[in-house]
Amino acid sequence: MRAEAHSQPLLRTSLYDAHVALGARMVPFSGWEMPLQYTSILAEVRAVRGHCGIFDVSHMGRIHITGPKAASLLHKLLAADVLALQEGRSRYSFLLNEGGGIIDDTILYREGRDSFILVCNAANRPAVLEWIGRWAAPQGAVAVQDRTVGTAMVAFQGPRALPLALSLSPLLDGLRPFTFTRTQILGSECMMARTGYTGEDGVEFILPAEAGPLIWRALQEMGAAPCGLGARDVLRLEAGLMLHGSDITPSTTPLEAGLDRFVSLDKEDFIGAQTLRDQKRSGVSRRLVGFRLLARGIPRHGYPILNGTRVVGEVTSGAYSPTLDMDIGMGYVALTLSAVGTRLQVDIRGRKVEAEVVPLPFYARRPAR
Amino acid sequence: MSYPQAFRYSKEHEWVRLDEDGTAVVGVTHFAQEQLGDIVYLALPEPGTSVVQFAKLGEVESVKAVSDIFSPLGGTVLEVNKEAVDHPEVVNQEPHGRGWLVKLKPGDLGGVRNLMTAQEYEAFLAADGTKRH
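About the thresholds
Residues numbered from 1 in each chain as written. Chains lettered and ligands numbered in written order. Predicted model: local features only at pLDDT ≥ 70, side-chain atom pairs only at ≥ 80, totals over all residues. Heavy atoms only, no water. Axes fitted to C-alpha atoms, helices over the stretch in contact; angles between N-to-C directions. Helix = DSSP H or I, 4+ residues; strand = E, 2+ residues; numbered from the N terminus. Parallel < 35°, antiparallel > 145°, perpendicular 65-115°, else oblique. Left-handed = near helix turned anticlockwise from the far one by under 90°. Contact = heavy atoms within 4.5 Å. Nonpolar A, V, L, I, M, F, W, Y, C, P; charged D, E, K, R; others polar. Domains from an automatic or database assignment. Buried area = accessible area lost by both parts, 1.4 Å probe. Salt bridge = Lys/Arg side-chain N within 4 Å of Asp/Glu carboxyl O. Polar contact = N/O pair within 3.5 Å; in protein donor to acceptor, adjacent residues only side chain to side chain. Pairing = 2+ DSSP bridges. Buried < 20%, exposed > 50% of the residue type's maximum accessible area, 1.4 Å probe, protein only. Expected span 1.5 Å × (residues − 1).

J.: Lay out the packing of helix α2 (residues 41–50) of chain A against helix α7 (residues 229–238) of chain A with the relevant residues and their values.
T.: Residue and element names in this part refer to chain A. Taken N-terminus to C-terminus, the directions of α2 and α7 make an angle of 55°; their axes are 8 Å apart at the nearest point. Looking at the two axes, α2 sits oblique to α7. For the pair α2 and α7, the crossing hand works out as right-handed. Here α2 contributes Ile41, Glu44, Val45, Val48 and Arg49 to the contact with α7, which in turn contributes Gly230, Ala231, Val234, Leu235 and Glu238. Considering only residue class, the contact of α2 with α7 consists of six nonpolar, one polar and three charged.

J.: With reference to specific residues and values, describe the domain arrangement of chain A.
T.: Residue and element names in this part refer to chain A. Here chain A is described as being made up of domain 1 (16–56 + 149–238), domain 2 (61–146) and domain 3 (285–358). The centre of domain 1, based on its C-alpha atoms, is set 24 Å off from the matching centre of domain 2. At the junction of the two partners, domain 1 supplies 15 residues and domain 2 supplies 14 residues. When the buried area of domain 1 at its contact with domain 2 is split by residue, Met153, Phe178 and Phe180 rank highest and sum to 39% of it. Arg182 is paired through a salt bridge with Glu111; the nearest N and O atoms lie 2.7 Å apart. The interface formed by domain 1 and domain 2 contains five residue pairs in polar contact (both at pLDDT 80 or more). At the level of secondary structure, the elements contributing two or more residues to the side of domain 1 that touches domain 2 comprise β9 (151–157), β10 (180–185), β11 (188–193) and β12 (202–208). In terms of residues, the side of domain 1 that touches domain 2 owes the most to one element, β9, which gives three residues. In terms of residue class, the side of domain 1 that touches domain 2 is built from eight nonpolar, four polar and three charged.

J.: Explain the sheet that holds strand β18 (residues 343–348) of chain A to me, and be specific about the residues and the numbers.
T.: Residue and element names in this part refer to chain A. One closed barrel accounts for six strands, arranged β14-β17-β16-β15-β18-β19; its pairing is antiparallel. Each strand axis lies, on average, 45° off the axis of its neighbour in the sheet, ignoring direction. Judged from the four bridges that link them, strand β15 (residues 304–307) and strand β16 (residues 310–321) form a sheet pairing that is antiparallel. Bridge pairing in β16 places Pro304 opposite Glu314. Relative to the sheet, α7 contacts β16 and β17 (326–334), its axis offset from that of β16 by approximately 120°.

J.: Outline the interface of chain A and chain B, supporting the account with residue identities and numerical values.
T.: Chain A puts 15 residues into the contact, and the matching count from chain B is 14 residues. Where chain A abuts chain B, roughly 1,300 Å² becomes buried across the two surfaces, and 46% of that area is made up of carbon and sulfur atoms. The three residues of chain A that bury the most area against chain B are Arg296(A), Arg300(A) and Arg349(A), which together make up 41% of that side's buried surface. Counting every contact that joins chain A to chain B gives three salt bridges. Across the salt bridge formed by Arg349(A) and Glu59(B), the nearest N and O atoms sit 2.8 Å from each other. Linking chain A to chain B there are twelve residue pairs in polar contact (both at pLDDT 80 or more). Those elements giving two or more residues to the side of chain A that touches chain B turn out to be β2 (32–37) and α2 of chain A. By residue class, the composition of the side of chain A that touches chain B is seven nonpolar, three polar and five charged.

J.: An account of the sheet that holds strand β8 (residues 75–80) of chain B is needed here, citing residue identities and associated values.
T.: Residue and element names in this part refer to chain B. Spatially, β1-β2-β3-β9-β8-β5 is the arrangement adopted by the six strands of the open sheet, whose pairing is antiparallel. Each of the sheet's edge strands pairs with one partner strand only, and the pair in question is β1 (8–9) and β5 (50–51). Sheet analysis places β1 next to strand β2 (residues 14–18), joined by two bridges and oriented antiparallel. The partner of Tyr9 across the bridge, within β2, is Trp15.

J.: So, the side chain of Glu256(A): which residues are in play, and what are the values?
T.: All names here are of chain A. Inspection of the secondary structure assignment puts Glu256 in the loop between α7 and α8 (273–282). For Glu256, a relative accessible area of 8% corresponds to the buried category. A distance of 3.2 Å separates the side chain of Glu256 from the side chain of Arg286, its partner in a polar contact. Ignoring sequence-local partners within four residues, the contact set of Glu256 consists of Ser251, Gln279, Val284, Arg286, Arg287, Leu288 and Tyr332.

J.: Tell me about helix α4 (residues 125–139) of chain A, and please be specific about residues and values.
T.: Residues and elements named next belong to chain A. The terminal C-alpha atoms of α4 lie 22 Å apart, and with 15 residues this matches the ideal 21 Å at 1.5 Å per residue to within 8%. Arg125, Val128, Trp131, Ile132 and Ala136 are the residues of α4 that are buried. One or two steps after α4, the chain reaches Gly140, where phi turns positive at roughly 65°.

Below you can see the structure in the form of C-alpha cells.
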C-alpha cells in the first residue's frame, strides 16, 4: 500500500458510510477513499481463509461495451479469444500495448452477443477508457459506457461464501466458476459472478450504487467479516494473483509474468500479438518468480533481489503470509535464475536474507466438493 | 485507552517506565501500535548494547510497513522481551504491559526531562498525533 498525493478530491463508494460506521481506517487508493482495514489485516485474512469475508470493490472500473462491433473490437484489444467467449461467461485477460506490455489486467463478462462488461483496475480506469475509445472511434458501431460511479460491487469470498449466499439467490446453486447471471436480490437488479481476487471460492455482486449498503448489511448479518484493501492484498498474493502496477505493468508482458494460459496466441491478430509471438518463439529472457524467505523479514516492493553480490531484480510484491506463516514475495529475474529451488537473496534495508524460488501460487485452496 | 501516569512518553510514541530497582522499561504506545497495525517482527538490540536517547533502538515491522523505534532514554540494554520477539502480537494486545520491548540500565536520568507526562502526551496526540514521526 503506497501513499499517494491528494491532488484531486477523492471519490467515495456507496458503502462509505458503512465503512466509517464500522470503524474502518480509510485511505486514499487510486482516487478513491477506501477501507484499509476494519480490525486487523491478519484477522481479516484468516476470516476469508477460514470462513468468509466481504470486500467493497466498487472502486474497480465497470465499463459497458456494446454494439454490433463490440465483440470484434474486444477481440482485437484483448489477449483472450473474445469471439469464442460464450454468453454468461467471463474471462481473465489483458489489454496490451503494441509492445505486448500490459495496460491493464481485466475480467471480461459477455452478457449477450453484442454486450460486454469489462472490469478493470481502479487506477487504470482512465487509461482503459482512453485506449478503448481510441480504437472504438474510427470503426463506430460500438458504445462505451463507464458505469463505475452508478453501481456498487461487493465481493463475498471464502469457503462459507457460496453456501451462505444461496439464501440470497437459489440461482447461485449451479453457477459455475467464471460464469455469471442476472437476478433480483433484496429488491434490486443484481449481477452475480463467480469470480474473485482472494484464492477462495466466492461470488461478486454488481448492483445499483444505492443498493450497495443493503447487500453489504445482509452479508454482514450472515457472518461475513468486512475486509479491507490490506487483507485483499495479502490474500491475492498468497493466491499468486497479480497486482497491476507492481507485478505486471505496461513494460512487462503476460509471458514474462508466466500468464501464458490467459493468452490466445493462435487467434487472429490482436494488439501486442507480434511481441508475444516473438517471445514465444525465442523464449523470454526474464520471468516473474515466487519466492519465500528462509529467515525472517518482509520482502517489500522495490527491495533488490540479489544473486550473491549482483543485483538481479527487484521485489514487485511481498508480504508476511499468515496462512502459510511464511514471508513471501514475487519479482522478475533472469530466466536462468527462475527455476524452482534456485537460491537468491533479498536486500532488506541492508540485510541480505536468503530466499528460495518456489512454485506459484503460494497457496491453493482444496478443490470444492 | 488511557496512558499510564507513571510512564514518560516521547514524540516518537515510545514510553519508558522507571522501576524501583533502577531499570527503565521501554515500549511503544497504544497509539503507535494502532497506527502500525498487526506487528509481525521486532528487531531489537542485544543485551549490552549502548543506546543514545532519541537514537534508533530497533525496528518494528507490521504487515503494512516497517518503522524505526527510538530509545526514549540513553543507557545500556539489559534485557529484551523474548515473549514480544517470539509473539509480536502481544505488542498490539498489551503495548503498555506484556508487550514491552527492552529493559535499560539508564545512563543519565536527566534525560527524563526531555519526555512528556501522560497528560502532555495525550495533548500532543490530540494536537499533532494523527501523523506518526
